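Next come the chains, spelled out residue by residue.
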Amino acid sequence: MDVSEHRTVIVTGSSQGIGLAIAGYFLDNGWRVAFVSLDLEQIRSRFQAKLDSGEALFFEMDVTDNAKIAECVSVVMERWGRVDALVNNAGIRTGTSIADTTPEEWNRIMSVNLGSTFFFSQAIAPVMKQQSQGRIINMSSFGGQFGPMTSSAAYSASKAGQLALTKVFARELAPYSVTVNAVAPASVRTPEMDKMDPAFIEKMVETIPVGRVGESEEVAELVYYLAAGSTGFITGATFDINGGRLMR
Ligand SMILES: NC(=O)c1ccc[n+]([C@@H]2O[C@H](COP(=O)([O-])OP(=O)(O)OC[C@H]3O[C@@H](n4cnc5c(N)ncnc54)[C@H](O)[C@@H]3O)[C@@H](O)[C@H]2O)c1
């Protein structure tokens with residue numbers, strides 16, 4: 001039996017889009033996967049066999065609920081005994097102007113995108129320290145680096161905040177062989193993109209040097225490499241995956 005068959009990952013925001021691709025990629029590579037999302041029922045039939053065999057667990061929950069985060073980590077530890085990787089992917093994006101942003105929208109985006117990254121990482125840190133092994137990957141965004149084009153100030157600030165958290169956790173956890181890195185995508189095809197006006201997508205593609213949008217599976221492969229590869233010397237880093245829209 002390959003050792004990877006015993007490795008475990010928690011992926012937040014895994015009911016669709018990039019998170020679903022990441023969760024599927026880890027499962028295909030023999031990992032046990034804890035899916036965390038608001039709306040997992042829509043993908044239950046696809047993963048029923050993995051749920052039945054105990055290779056997958058579903059946590060249908062809001063990532064802003066700290067009691068649920070604690071419960072999720074505790075159930076995963078009870079069932080699988082370890083957490084090798086955490087992917088903080090759950091996120092919501094808005095395009096609201098500065099003038100129209102309400103305190104409610106600001107607070108919700110901050111707590112889903114940034115708060116959950118902090119509190120999930122805070123909950124998993126003692127587990128990974130104890131194991132002297134672990135990988136945390138935060139799904140940030142081009143929007144957190146470049147400044148908003150079509151995204152709201154709240155979204156951009158939350159995504160920039162994730163880059164700061166990546167460095168703070170990376171420094172604190174480095175002595176325990178736990179690495180923390182960020183992935184910053186742009187223009188990746190998801191169900192949300194499929195709802196956009198094709199003319200808008202065509203215009204966007206004109207700004208992408210490689211001349212196409214990205215695929216969720218491409219992001220999944222990068223995240224998998226960071227979690228499963230020989231990446232112990234990489235920490236506090238941000239990996240751009242944006243077709244060349246931002247070159248640093
Ligand atoms: N698609 C892109 O081009 C792109 C670009 C930059 C960054 N990102 C980032 O990648 C991540 C995934 O994006 P996506 O495009 O796949 O988005 P998506 O909207 O398709 O999926 C988001 C996922 O997060 C979950 N989610 C949202 N709020 C939640 C909450 N409160 N509790 C639990 N789960 C919640 C949803 O259920 C869904 O599974 C996000 O953090 C996003 O900011 C995406």
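Residues numbered from 1 in each chain as written. Predicted model: local features only at pLDDT ≥ 70, side-chain atom pairs only at ≥ 80, totals over all residues. Heavy atoms only, no water.

An unreviewed UniProt entry annotates the protein as SDR family oxidoreductase of Paenibacillus rhizophilus.

1. Structural notes on the nonpolar core
In this structure, Val9, Ile22, Phe26, Val33, Phe35, Val183 and Val223 are the most contacted members of the largest nonpolar core, which totals 31 residues. Elements supplying a minimum of two residues to this core: strand E1 (8–12), helix H1 (17–28), strand E2 (32–37), helix H2 (44–52), strand E3 (56–60), strand E4 (85–88), strand E5 (134–139) and helix H9 (216–228). In terms of nonpolar packing, the next biggest core, distinct from the first, is built from 30 residues, Ile10, Val63, Ala90 and Ala170 among them. (Core = buried A, V, L, I, M, F, W, Y, C linked by side-chain atoms within 4.5 Å. Buried < 20%, exposed > 50% of the residue type's maximum accessible area, 1.4 Å probe, protein only. Helix = DSSP H or I, 4+ residues; strand = E, 2+ residues; numbered from the N terminus.)

2. Points about the sheet that holds strand E9 (residues 238–241)
Read across the open sheet, the 7 strands follow the order E3-E2-E1-E4-E5-E6-E9; overall the sheet is parallel. Only two strands of the sheet have a single partner each, and these edge strands are E3 and E9. When the angles between neighbouring strand axes are averaged without regard to direction, this sheet yields 15°. As judged from the 3 bridges shared by E1 and E4, these two strands associate in the parallel manner. Among the inter-strand pairings, Val9 is bridged to a residue of E4, identified as Ala85. Those strands touched by helix H6 (residues 153–173) are E4, E5, strand E6 (178–185) and E9, and its axis lies near 165° from that of E6. Strands E4, E5, E6 and E9 of the sheet are contacted by H9, whose axis makes an angle of about 150° with E5. (Pairing = 2+ DSSP bridges. Axes fitted to C-alpha atoms, helices over the stretch in contact; angles between N-to-C directions. Contact = heavy atoms within 4.5 Å.)

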